[in-house]
Amino acid sequence: MKHLLSGLAVAAMALTTTFGAATSASAESLAEAQPSQVYVGAGFFDISHSSEFASAAFDVGYIPDYNIVWEIRPLVGLMVNTDSAVYGHVGLSRTFFLTDNIVTRVQWGFGAYSQGNSIDLGQAFEFREQLEIGYQFDSGDMISAYVWHLSNADIADKNPGVNTAGIHYSFGF
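Cut-offs used in this document
- Residues numbered from 1 in each chain as written.
- Predicted model: local features only at pLDDT ≥ 70, side-chain atom pairs only at ≥ 80, totals over all residues.
- Heavy atoms only, no water.
- Core = buried A, V, L, I, M, F, W, Y, C linked by side-chain atoms within 4.5 Å.
- Buried < 20%, exposed > 50% of the residue type's maximum accessible area, 1.4 Å probe, protein only.
- Helix = DSSP H or I, 4+ residues; strand = E, 2+ residues; numbered from the N terminus.
- Contact = heavy atoms within 4.5 Å.
- Patch = residues over 30% accessible without salt bridge, like charges linked within 9 Å, V, L, I, M, F, W, Y side chains within 5 Å.
- Areas by Shrake-Rupley, 256 points an atom, 1.4 Å probe, with all protein chains shown as cover.
- Salt bridge = Lys/Arg side-chain N within 4 Å of Asp/Glu carboxyl O.
- Polar contact = N/O pair within 3.5 Å; in protein donor to acceptor, adjacent residues only side chain to side chain.
- Phe/Tyr/Trp six-rings, centres within 6.5 Å; stacked < 30°, edge-to-face > 60°.

## Regarding the nonpolar core
Soluble, globular proteins show a tendency: their nonpolar side chains are buried together.
At step 1: Among the nonpolar cores identified, the biggest contains twelve residues, and these are F45, A57, M79, A85, Y87, Y113, I119, L121, Y146, W148, L150 and V162.
At step 2: With three residues, the single largest contributor to this core is strand β7 (residues 142-151).
At step 3: In this view, I119 contacts F45, D46, H49, F53, Y113, P160 and V162; residues no more than four positions away in its chain are not counted.

As structure tokens, then:
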């Protein structure tokens, strides 16, 4: 199941990147002019394993309006779950406008994971990939559904990885 979800996420990211490269000049200018965003979210942590470690997840993050290159922006975020796990991360984010209001957002990053009473991911250093699809209001706020994968990419002996799905609300400013 982990490999299936990871493969689907990679395929979706590739399609989003391909589709995003073919978007109109209007969509590209929307991506370039996108405001800074603070997002908050809630979802289900570890949806791909047994219910032993499944829990609620809450996250918050910040994406500034600074474009590094090709509308790729830095990000910083924090996730906690109801089993006391904590994951802080940094990374890169790219939003693709499929229409003037329908968007996908792809994120890549890495950070530190503290297990708490949750699943043992093999080590503290973990990678995170995320895919969102949502609706961005004219105000710059956005509501989206997301899925993200967290794992150590097999650099540790143990690498169960986790998948999380939920809803984000992003405040544009």
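There is more to say after this.
## Some words on unusual backbone geometry
At step 1: Phi angles above zero are rare outside glycine, and W70 is one such case at about 50°.
At step 2: Mapped onto the fold, W70 is located in the loop between β2 (55-63) and β3 (72-81).
At step 3: In this structure W70 comes out as exposed when scored by relative accessible area, which is 67%.
At step 4: For S84, which is not glycine, the phi torsion reads 70° and is therefore positive.
At step 5: Structurally, the position occupied by S84 is in the loop between β3 and β4 (86-97).
At step 6: For S84, a relative accessible area of 45% translates into the label partly exposed.

## Here's the deal with a nonpolar patch on the surface
At step 1: On the surface, V40, F58, V60, L78, V80, V86 and F171 cluster together into a nonpolar patch covering about 510 Å² of accessible area.
At step 2: Classification of F171 by relative accessible area gives partly exposed; the value is 40%.

## Digging into the environment of R73
At step 1: On the secondary structure map, R73 appears in strand β3.
At step 2: A relative accessible area of 3% places R73 in the buried class.
At step 3: The spacing of R73 and S93 is 20 residues in sequence and 5.1 Å in space, taken between C-alpha atoms.
At step 4: For R73, the side chain forms a polar contact with the side chain of N67, separated by 2.8 Å.

## Some details on the packing of aromatic side chains
At step 1: What the rule picks out here adds up to six aromatic pairs.
At step 2: Between F110 and F125 the ring centres are 5.8 Å apart and the planes differ by 40°, which places this aromatic pair in the tilted class. Pair noted here: F110 is in strand β5 (residues 102-114) and F125 is in strand β6 (residues 125-136), with a separation of 15 residues, a long-range link.

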